[in-house]
Amino acid sequence: MAESKSTHELTDTLSEPKVNAFREWMIYSVIFTGLILLLCGRLIYLALLSDVTGICILILVLFVCALARNAWDVSYIDRQRSLAHQQVQELIKSNKISAAFLKNSEPSILRDHLLNLNAIAKKDPMVSQENLVVLMQSKLNARLRLTELASSMLVTLGLVGTIVGLIGSVGGISVVVEAVGSNRDQLMSGMRETLGGMGTAFYTTLLGALFGGIVLRILSSVVNSHADSLIAYIAELAEVYMVPTLRRSSRKRTKNGNLEIDVTEVVS
């Protein structure tokens, strides 16, 4: 096939994005985690020390795991943005969308998006990416949903700890009532059980609210914001540098009466 019919020509230059999602995430995580440790560090220490149910420790462990996953997600977003820029630069430099690029380039959101656009271009000269953008957003949100789930879990665990602590307090009060005026040691044991249960109730609620309701929710919002920005960036690159070219090629094939063409013939 002649070169004029077998390539999609690309022109213009592309400026590198200056957004650094991981750096912004680090700033927010250090500020809010530091403030919480500064203002409530002693209470957190007492919670871990006095909670006999282990719920406070579980909340802390889950928080650390969710924080690590959130950091991984924001690094993934930065990597995808960088890949999108590099791959479009490759297309501009080679001045064509080639089969070799689609098959051999590093897997990325942009490459998958271009593959889908190319598949549409083989069927319809009016290539549109609106529905594909929605699908991209849904796939990325599904990947990021784990942190939001962890945030809700921590708050819920705090409430569970409250219920467990109150149940323990009720048991301690029963012991106190039975021991009044008869057994001093049993009375003191009941008081300790009551206070311990109340401590569990308050401390677990505090830790769940601090780590799940505040820190993770804020960091999750930061990541989601950058995810939206990434999708918009990829959609913009596609609309400016790829969709017009695919439309022109699709129209040429339609005029030639050859709408059903193998992918290697479309782009190689």
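Values in this document were obtained by computation on a predicted structure and should not be read as measured data. (Residues numbered from 1 in each chain as written. Predicted model: local features only at pLDDT ≥ 70, side-chain atom pairs only at ≥ 80, totals over all residues. Heavy atoms only, no water.)

1. Section: the pattern of salt bridges
Tallied over the full model, the rule gives four salt bridges. Here Arg 69 ties to Asp 73 by a salt bridge, and the two come within 3.0 Å at their closest N and O atoms. On the criterion of helical spacing, the pair formed by Arg 69 and Asp 73 is a turn pair, its members being four residues apart in helix H3 (residues 55-94). Residue Arg 69 is classed as partly exposed on the basis of its relative accessible area of 28%. Across the pair Arg 81 and Asp 78 runs a salt bridge, and its minimum N-O distance is 3.4 Å. You can see Arg 81 and its partner Asp 78 sitting in helix H3, three residues apart, about one turn around the helix. (Salt bridge = Lys/Arg side-chain N within 4 Å of Asp/Glu carboxyl O. Helix = DSSP H or I, 4+ residues; strand = E, 2+ residues; numbered from the N terminus. Buried < 20%, exposed > 50% of the residue type's maximum accessible area, 1.4 Å probe, protein only.)

2. Details of the environment of Tyr 76
Mapped onto the elements, Tyr 76 comes out in helix H3. Its relative accessible area of 22% is what places Tyr 76 among the partly exposed residues. Spatially, the C-alpha atom of Tyr 76 lies 9.2 Å from that of Phe 22, the residues being 54 residues apart in sequence. Among residues more than four places away in sequence, those in contact with Tyr 76 are Ile 109, Leu 140 and Arg 143. (Contact = heavy atoms within 4.5 Å.)

3. Points about the side chain of Ser 108
Among the structural elements, Ser 108 can be located in the loop between helix H4 (99-104) and helix H5 (109-121). With relative accessibility at 5%, the residue Ser 108 sits in the buried group. What Ser 108 contacts, discounting residues up to four positions off in sequence, is Gln 80, Leu 83 and Gln 87.

4. Points about the packing of H3 against H5
Contact pair H3 / H5: the axes reach a minimum separation of 8 Å and the direction vectors enclose 55°. The orientation of H3 with respect to H5, classified from their angle, is oblique. On H5, the residues that touch Tyr 76, Gln 80, Ala 84, Gln 87, Val 88 and Leu 91 of H3 are Ile 109, Leu 110, Arg 111 and Leu 114. Its residues placed into classes, the contact of H3 with H5 shows seven nonpolar, two polar and one charged. (Axes fitted to C-alpha atoms, helices over the stretch in contact; angles between N-to-C directions. Parallel < 35°, antiparallel > 145°, perpendicular 65-115°, else oblique. Nonpolar A, V, L, I, M, F, W, Y, C, P; charged D, E, K, R; others polar.)

5. Focus: H3
Every α-helical turn comprises 3.6 residues, leaving residues that sit three or four positions apart pointing alike. With 40 residues, H3 should cover 58 Å at 1.5 Å per step; its first-to-last C-alpha distance of 58 Å lies within 8% of that length. Looking one or two places after H3, you find Asn 95, whose phi comes out positive at around 60°. (Expected span 1.5 Å × (residues − 1).)

6. Things to note about the packing of aromatic side chains
In total, this model carries three aromatic pairs according to the counting rule given. Ring centres 5.8 Å apart and planes at 25° place the aromatic pair Phe 22 and Trp 25 in the stacked group. Of the two residues, Phe 22 and Trp 25 are both situated in helix H2 (residues 21-50); the distance of three residues between them amounts to about one turn of the helix. Judged by its relative accessible area of 4%, Trp 25 is buried. Considering the side-chain rings of Phe 63 and Phe 211, the 4.4 Å spacing of their centres and the 25° angle between planes classify their relative orientation as stacked. With a gap of 148 residues between them, Phe 63 in helix H3 and Phe 211 in helix H7 (residues 184-255) connect regions that are remote in the sequence. In this pair, the class of Phe 63 matches that of Phe 211, namely buried. Positioned above the aromatic ring of Tyr 76, the side-chain terminus of Arg 143 is 3.7 Å from the ring centre. (Phe/Tyr/Trp six-rings, centres within 6.5 Å; stacked < 30°, edge-to-face > 60°. Lys NZ or Arg CZ within 6 Å of the ring centre and 35° of its normal.)

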